[in-house]
Amino acid sequence: MSDFQTELANSVDIAKWSWLLPHVKRDAVVLVNEQLDLAEVGAAVAEDNVPYVQHWIGKELIRKPSEEELSAWSEKPSKEFDALIVSPFVLVQER
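Residues numbered from 1 in each chain as written. Predicted model: local features only at pLDDT ≥ 70, side-chain atom pairs only at ≥ 80, totals over all residues. Heavy atoms only, no water.

K.L.:
Explain the environment of Val 32 here, please?
P.N.:
Residue position: Val 32 is located in strand 2 (residues 29-32). Its relative accessible area of 3% is what places Val 32 among the buried residues. Separated by 61 residues in sequence, Val 32 and Gln 93 have C-alpha atoms that sit 5.3 Å apart. (Helix = DSSP H or I, 4+ residues; strand = E, 2+ residues; numbered from the N terminus. Buried < 20%, exposed > 50% of the residue type's maximum accessible area, 1.4 Å probe, protein only.)

K.L.:
I would appreciate a short explanation of the nonpolar core in the present structure.
P.N.:
Side chains that are nonpolar tend, in soluble globular proteins, to be buried together. If you look at the biggest cluster of nonpolar residues, it comprises 16 residues, and the most contacted ones within it are Val 32, Leu 36, Val 41, Trp 56, Ile 62, Leu 84 and Leu 91. Secondary-structure elements contributing two or more residues to this core are strand 2, helix 3 (38-46), helix 4 (50-58) and strand 4 (80-86). Considering each element in turn, this core owes the most residues, 5 residues, to helix 3. When residues no more than four places from it in sequence are discounted, the contact partners of Val 32 are Leu 38, Val 41, Leu 61, Ile 62, Leu 91, Val 92 and Gln 93. (Core = buried A, V, L, I, M, F, W, Y, C linked by side-chain atoms within 4.5 Å. Contact = heavy atoms within 4.5 Å.)

K.L.:
Any chance you could explain the layout of surface pockets here in plain terms?
P.N.:
Once rolled over the atoms, a probe with the size of a water molecule shows which space is left empty. Space inside the largest pocket adds up to approximately 160 Å³. What lines the largest pocket is Ser 11, Asp 13, Ile 14, Ala 15, Trp 19, Leu 20, His 23, Ala 83, Leu 84, Ile 85 and Val 90. Its residues assigned to classes, the lining of the largest pocket comprises 8 nonpolar, 2 polar and 1 charged. (1 Å grid on protein atoms, 1.4 Å probe; cavity = no way out; pocket = protein on both sides within 12 Å on 5 of 7 lines; lining within 4 Å. Points joined across faces, edges and corners; volume = space filled by probe spheres on them. Nonpolar A, V, L, I, M, F, W, Y, C, P; charged D, E, K, R; others polar.)

K.L.:
In this structure, what is going on with the pattern of salt bridges? I would like to understand it.
P.N.:
Between side chains of opposite charge, a pair can form when the charged atoms approach closely. Counted by the stated rule, this structure contains 4 salt bridges. The partner of Asp 27 in a salt bridge is Lys 64, with the nearest N and O atoms 3.6 Å apart. Of this pair, Asp 27 sits in the loop between helix 2 (17-25) and strand 2 while Lys 64 sits in the loop between strand 3 (62-63) and helix 5 (67-74), and the two are 37 residues apart along the sequence. Glu 69 is the salt-bridge partner of Arg 63, the closest N and O atoms lying 2.8 Å from each other. (Salt bridge = Lys/Arg side-chain N within 4 Å of Asp/Glu carboxyl O.)

Encoded structure:
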């Protein structure tokens, strides 16, 4: 793990769904599959590592949340996610 990835791993925090809503409204929330390491994805996004990011998008391992997911989560405002801000995105994984 690179120093940058370690730094990002230390920046992962818990966020309640209600806290993420402003980021959803600006279409900045990206759902990361639980098979992936959030810090690794964050590093790839921050470093503009196109091959990795395109691979994950192609496999639907990182994607925008569906309308169904957004609706379900909105019914549970206290639902928690692991979250990592990699401007302009907020990367999240369901807990």
